[in-house]
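# Results of the structural survey
Listed here are the chains, written in short residue letters.
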Amino acid sequence: RPIGLLDSGLGGLSVLKQVKKILPRESTIYIGDQAHLPYGNKSVNEIIQLTKKLVDFLIKKDVKLIVFACNTATATAMTTIQQQVDIPIIGVISAGSMIASAQTKTNKIAVIATQATIKSGAYEKALKLVNNQCEVISLATPQLVPAIENNVLDLQPVIHESLQVLQDKCFDTLILGCTHYPLIQNQIAQELTSQHIEVVDPAEGICQQITQLLKQHDAFASHNAHFNYGYTTGSKEAFEQAAQKWLGQTFDKIKQ
Ligand code: DGN
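Below is a short write-up of the structure. Nothing here was measured: the structure is a model prediction, and the numbers come from that model. (Residues numbered from 1 in each chain as written. Predicted model: local features only at pLDDT ≥ 70, side-chain atom pairs only at ≥ 80, totals over all residues. Heavy atoms only, no water.)

### Examining helix 1 (residues 13–22)
Side chains three or four residues apart in an α-helix point the same way, a direct result of the helix having 3.6 residues per turn. Rule in force here: With a 1.4 Å probe rolled over the protein chains alone, any residue whose accessible area is under 20% of its type maximum counts as buried; one over 50% counts as exposed, and the rest are partly exposed. Secondary structure elements are taken from DSSP: a helix is a run of H or I of four residues or more, a strand is a run of E of two residues or more, and numbering for both begins at the N terminus. Any two residues having at least one pair of non-hydrogen atoms within 4.5 Å are treated as being in contact.
For helix 1, a buried count of 7 out of 10 residues is recorded, marking the element as mostly surrounded by other parts of the structure. Of all the residues in helix 1, the buried ones are Leu-13, Ser-14, Val-15, Leu-16, Gln-18, Val-19 and Lys-20. The inward-facing, buried residues of helix 1 abut strand 1 (3–7), strand 2 (28–32), strand 3 (65–68), helix 11 (203–216), strand 9 (228–232) and helix 12 (236–247).

### So, the site of the ligand
Our working rule: Throughout, near means a residue has at least one heavy atom within 4 Å of the molecule or strand. Polar contact criterion, stated in full: a pair of N or O atoms within 3.5 Å, where within protein one must be able to donate a hydrogen and the other to accept it, and residues adjacent in sequence count only if both atoms are side-chain atoms. Gly is placed with the polar residues, together with every amino acid not listed as nonpolar (Ala, Val, Leu, Ile, Met, Phe, Trp, Tyr, Cys and Pro) or charged (Asp, Glu, Lys and Arg).
In the region of the ligand, 13 residues are neighbours, and Tyr-39, Asn-71, Thr-72, Thr-179 and His-180 sit closest. In this structure, an oxygen atom belonging to the ligand sits 2.8 Å away from a side-chain N or O atom of Ser-8. Here His-180 contributes a side-chain N or O atom positioned 2.8 Å from a nitrogen atom of the ligand. In terms of residue class, the shell around the ligand is made up of 5 nonpolar, 7 polar and 1 charged.

### Concerning the packing of aromatic side chains
The criterion, for reference: Planes of paired rings set the category: under 30 degrees apart is stacked, over 60 is edge-to-face and the rest tilted, where pairs are Phe, Tyr or Trp rings (Trp by its six-membered ring) whose centres lie within 6.5 Å. Whether a charge lies above a ring is judged from NZ of Lys or CZ of Arg, which has to be within 6 Å of the ring centre and within 35 degrees of the ring normal.
The full count for this structure, using the stated rule, is 5 aromatic pairs. With centroids separated by 6.1 Å and ring planes inclined at 20 degrees, the aromatic side chains of Tyr-30 and Phe-239 adopt a geometry described as stacked. Separated by 209 residues along the polypeptide, Tyr-30 in strand 2 and Phe-239 in helix 12 bring together distant segments of the chain. Under the relative-accessibility criterion, Tyr-30 is labelled buried at 0%. Judged by relative accessible area, Phe-239 falls into the buried class, the value being 1%. Each ring, one from Phe-239 and one from Phe-251, has its centre 5.5 Å from the other, and the planes form 20 degrees; the classification is stacked. Taken together, the residues span a long stretch of sequence, with Phe-239 in helix 12 and Phe-251 in the loop between helix 12 and strand 10 (253–255) at a distance of 12 residues. Accessibility assignment for this pair places Phe-239 and Phe-251 in one class, buried. The side chain of Lys-253 reaches across the aromatic face of Tyr-229, ending 4.4 Å from its centre.

### Quick word on the pattern of salt bridges
Let me state the cut-off plainly: A carboxyl oxygen of Asp or Glu within 4 Å of a side-chain nitrogen of Lys or Arg is what we treat as a salt bridge.
What the rule picks out here adds up to 4 salt bridges. We note a salt bridge from Arg-1 to Asp-62, for which the minimum N-O separation is 3.3 Å. Of the two residues, Arg-1 is situated in the segment before strand 1 and Asp-62 in the loop between helix 2 (44–60) and strand 3; the sequence distance between them amounts to 61 residues. On the basis of relative accessibility, which here comes to 42%, the residue Asp-62 falls in the partly exposed class. Residues Lys-108 and Glu-135 are paired through a salt bridge, measuring 4.0 Å at the closest nitrogen-oxygen approach. Taken together, the residues Lys-108 in strand 5 (residues 108–113) and Glu-135 in strand 6 (residues 135–140) connect sequence positions 27 residues apart.

Nothing here speaks to function; it is geometry throughout.
Following this line, the structure appears as structure tokens:
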């Protein structure tokens, strides 16, 4: 059975990329909800409703576990939806917090994310849980997701404007608290070269959690009939191009 991944759009491709790299034998089904993007400015109730639809879709596809490859859905909808379904669900926030807390030397960590994620305080809570000494600087950067989804070619001006307030802040670790951001990780790092900062992509930690879960349930892929399917609620052509651009390859099957 495949692993299911969901996001409001293309961001989860940064998580899928890691899953394909670290767990190459696993089949995957990815769903991006481009028709309702961005989630980051919506109310908690709306995000829960939209995310539940994606979860139901993946359950119908008989996935063995679901990765919320979306920080916004993890921060606002995961706990509620976990209570409504039987299937294991994991999100990106605890993984990101653990890596960041292991990496920081000054205990000063900055998080950039959507408005909904920042408003939820989910990163502060998760970080304090693993390291109660840490100070967290949280910044909503809502312009980045639309720019990535709309395939804006020169992202540097948007990145520059979005991150400007961080220039005079003191921190040594930056969490990319939205799965779209690792897609442009190099450009983000470029913007912060005057400070010495480690950039954390939570997806790097999620594969450990997936592996643990598969071990627990004795559910590793057992044969090689391997596939990666992609679904979008938006334009199939745009999704196919984006997969090629961000994933470096397209899906075995793409459907709308
Ligand atoms: N990629 C999503 C996240 O990680 O929060 C959010 C994208 C959005 O809908 N703004």
